[in-house]
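Coordinate inspection notes
Residue strings, one per chain:
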Amino acid sequence: MYKILITDDEDKIRTLIKKYVIFEGHQAVEASTGMEAVELCRKENFDIIIMDVMMPELDGFSAVREIRKSQDTPVLMLSARGEEYDKIHGFELGIDDYVVKPFSPKELMMRIDAIMKRTTKKKSLEHELFQKDGFLADFTARRIIINNENIDMSPKEFDLIFYFIQNKNIALTREKLITEVWGYDFYGDDRTLDTHIKLLRKSLGEYAGLITTLRGVGYRFEG
């Protein structure tokens, strides 16, 4: 059972989502503003947060930014807009998925299940490092260090770069990356991968060239 925080300023949307959340056997807590969601997260722990973008007092992006200062709870963002800018901004903040309104409640629950399966998956790894010049990846500590500086990345950027390194010098198809990094039950599309690759290269800065685009195939990490 998951404890889910449903944040949306529309009563009908919250009621609809809550109905499906409870039907699936989970616990639902509601917030009608971003500020209320932040306050609830300071008092309680949630397994996942559903966050609408456009809300009074504090918008969804700002609310996620505040919540991220103290915790790394998975976030599924809701928006009536599907612009790439909004998606990129959300992924930069570290959200786990983005759903455009109107949406299917059943699909929403499937996306929640997919996120929780990914985030609760435990990996027992020996302390493993990869280094190339001024680039250092610490698998166990889940850190990327470039020229002795810690690089801040979203959870999915970390997943991508570590998977790339584990498969360095191997041509990886787009389908392979989506399947292995997002999972078989991923419900997004290729644009999600493109967006994350773009964000990852931005985070890598001078080492962005480590990820090579293979036209018509996918990508390769030059290790």
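Just so it is clear, the model here is predicted, and its values are computed rather than measured.

**A closer look at the overall build of the protein chain**
Along the backbone of the protein chain there are eight helices and 12 strands. Overall, the protein chain is about 50 × 35 × 35 Å in size when its C-alpha atoms are taken along their principal axes. In the protein chain, the share of contacts with a sequence separation of at least 24, taken over all contacts with a separation of at least 6, comes to 56%. Taking the 33 positively charged and 39 negatively charged side chains of the protein chain as two groups, their mean positions are separated by 3 Å.

**What to know about the sheet that holds strand β5 (residues 97–100)**
Pairing is parallel across the open sheet formed by five strands, whose spatial order is β2-β1-β3-β4-β5. Pairing within the sheet leaves two strands with one partner each, and these edge strands are β2 (27–31) and β5. The mean inter-strand angle of the sheet, taken between neighbouring strand axes irrespective of direction, is 20 degrees. Here strand β4 (residues 75–79) runs beside β5; their pairing, made up of four bridges, is parallel. Paired with Leu 78 across the strands is Val 99, a residue of β5. Of the strands in this sheet, β1 (3–7), β2, β3 (48–52) and β4 touch helix α1 (residues 11–23), which is tilted by about 165 degrees from β2.

**Points about the sheet that holds strand β7 (residues 135–138)**
Ordered by their spatial adjacency, four strands build an open sheet running β6-β7-β8-β9, and the pairing between neighbours is antiparallel. Each edge of the sheet is formed by a strand with only one pairing partner; in this case those strands are β6 (129–132) and β9 (149–150). As paired strands, β7 and strand β8 (residues 143–146) are joined by four bridges and run antiparallel to one another. Looking across to β8, one finds that Phe 135 is bridged to Ile 146.

**A closer look at the packing of helix α2 (residues 34–43) against helix α3 (residues 60–67)**
The interhelical angle for the contact between α2 and α3, taken along N-to-C directions, is 15 degrees, at an axis separation of 9 Å. Judged by the angle between their axes, α2 and α3 are roughly parallel. Considering how the two elements wind past one another, α2 and α3 form a crossing that is right-handed. Every residue of α3 that contacts α2 at Gly 34, Ala 37, Val 38, Cys 41 and Arg 42 is listed here: Ala 63, Glu 66 and Ile 67.

**Re the pattern of salt bridges**
Within this structure, the stated rule accounts for 19 salt bridges. The salt bridge partner of Lys 202 is Glu 92, with a shortest N-O separation of 3.3 Å. A residue pair is termed long-range when its members are at least 10 positions apart, and Lys 202 in helix α8 (residues 190–204) and Glu 92 in helix α4 (residues 84–92) qualify at 110 residues. One salt bridge connects Glu 107 with Arg 111, and the closest N-O pair in it is separated by 3.1 Å.

The rules we used
Residues numbered from 1 in each chain as written. Predicted model: local features only at pLDDT ≥ 70, side-chain atom pairs only at ≥ 80, totals over all residues. Heavy atoms only, no water. Helix = DSSP H or I, 4+ residues; strand = E, 2+ residues; numbered from the N terminus. Contact = heavy atoms within 4.5 Å. Lys, Arg positive; Asp, Glu negative; His and termini not counted. Charge placed at Lys NZ, Arg CZ, Asp CG, Glu CD. Pairing = 2+ DSSP bridges. Axes fitted to C-alpha atoms, helices over the stretch in contact; angles between N-to-C directions. Parallel < 35°, antiparallel > 145°, perpendicular 65-115°, else oblique. Left-handed = near helix turned anticlockwise from the far one by under 90°. Salt bridge = Lys/Arg side-chain N within 4 Å of Asp/Glu carboxyl O.

These figures capture arrangement, not role.
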